[in-house]
2 protein chains.
Amino acid sequence: MQISSRFTIAVHVLVCIETFKNDYKVTSDFLALSVNVNPVVIRRLLQQLKKAGIVNVVRGSGGTSVEKPLDEITLLDVYNAAECVEEGALFHFHENPNQLCPVGKNIHAILDTRLEEIQRAMENEMKSVTIQDVINDAEKLIKIK
Amino acid sequence: MQISSRFTIAVHVLVCIETFKNDYKVTSDFLALSVNVNPVVIRRLLQQLKKAGIVNVVRGSGGTSVEKPLDEITLLDVYNAAECVEEGALFHFHENPNQLCPVGKNIHAILDTRLEEIQRAMENEMKSVTIQDVINDAEKLIKIK
DNA sequence: ATTGGTTGTAATAATTATAGATACATCTAT
DNA sequence: ATAGATGTATCTATAATTATTACAACCAAT
């Protein structure tokens, strides 16, 4: 299984909001067209990003804006906001291992620390990239085409 | 979404094979009891580990053994063998972004390098832990209990 | 204050992925 | 031959995700 597409969609959404902020009112329908998903998916995601203090969504008249300096939003912030993995645990454990087996009984304790370290390595890398970095990449690429 | 439990099951299986190799014939039924899943799930997984050269499965008379020195099997080897993510890509992309939108058209190119780096950070950490390390942890914990 | 366009959210359906279960041919050692 | 395993196909069940529909709540402009 892969990490939910909510993550890449969230980044896509943030890049769009920033890219088009001067030329369009960036609504959930507008974003849904660019991402090519149902507008409700976008609205739900925007709510999550809003709760995390990353974006502001204007009720009634509509539109979205980024709430924080772009270089203070890391990919990890977006990842956490979008809740891409259950309860922050990257690895899925098989449930109910046999408690009568010494390995089954201890498998969680055996693996937990190691798995946490792996997860932390990933999250640290995510923390090192900001949305500003991504937008810089985006501007370069869009100009070429 | 989380990474498939096939990964933790695979590690569990390897620890079992090693722990019980002198006292039991470790069959798919035996392993299925410890992990508490259907024996077919174990057999399918063993086939994947076998293809990767990690274990040997004895047809007919039954039983399983580890094929390589334990300190030469990394968690990354097991992870790759178990095919926990589709085509090796950790992050799931939303499909068919709008090609008429400059952001939608380029979102893949914009994000690919960054996502690869994040994935690589995780994989490097996985590479640094061997099954021998895990079994050392296991032996310590099992003794205490 | 009505209207048009939008968000927020519930409810439900459709889709996809995973795991479970059954069945049985195949194999090996005895 | 037989008993006990594996290898694998097929089908079902379960779970998770995403899509869709619907509509109340909301805001700004006229």
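Residues numbered from 1 in each chain as written. Chains lettered and ligands numbered in written order. Predicted model: local features only at pLDDT ≥ 70, side-chain atom pairs only at ≥ 80, totals over all residues. Heavy atoms only, no water.

Regarding the pattern of salt bridges
A complete count under the given rule lists 6 salt bridges over all chains for this structure. The salt bridge partner of A:R114 is B:D137, with a shortest N-O separation of 3.0 Å. Taken together, the residues A:R114 in helix α5 (residues 102-127) and B:D137 in helix α6 (residues 131-144) connect one chain to another. The pair formed by A:R114 and B:D137 is uniform in burial state, with each residue classed as buried. In this structure, B:R43 engages B:D29 in a salt bridge whose closest nitrogen and oxygen atoms are separated by 3.9 Å. Taken together, the positions of B:R43 in helix α3 (residues 39-51) and B:D29 in helix α2 (residues 28-35) put the pair 14 residues apart, joining distant regions of the chain. Classification of B:R43 as partly exposed rests on a relative accessible area of 44%. (Salt bridge = Lys/Arg side-chain N within 4 Å of Asp/Glu carboxyl O. Helix = DSSP H or I, 4+ residues; strand = E, 2+ residues; numbered from the N terminus. Buried < 20%, exposed > 50% of the residue type's maximum accessible area, 1.4 Å probe, protein only.)

Brief notes about the confidence of the model for chain A
Taken as a whole, chain A shows an average pLDDT of 93; of its residues, 99% reach a score of 70 or greater. When mean pLDDT is compared element by element in chain A, helix α1 (residues 6-20) of chain A scores highest at 96, while helix α6 (residues 131-144) of chain A scores lowest at 91. (pLDDT = per-residue confidence, 0-100.)

So, helix α5 (residues 102-127) of chain B
Its 26 residues place the ends of α5(B) 38 Å apart at the C-alpha level, agreeing with the 38 Å of an ideal helix rising 1.5 Å per residue. At B:D112, α5(B) shows its strongest bend, of approximately 40°. (Expected span 1.5 Å × (residues − 1). Bend = angle between axes of the 7 residues up to and from the residue.)

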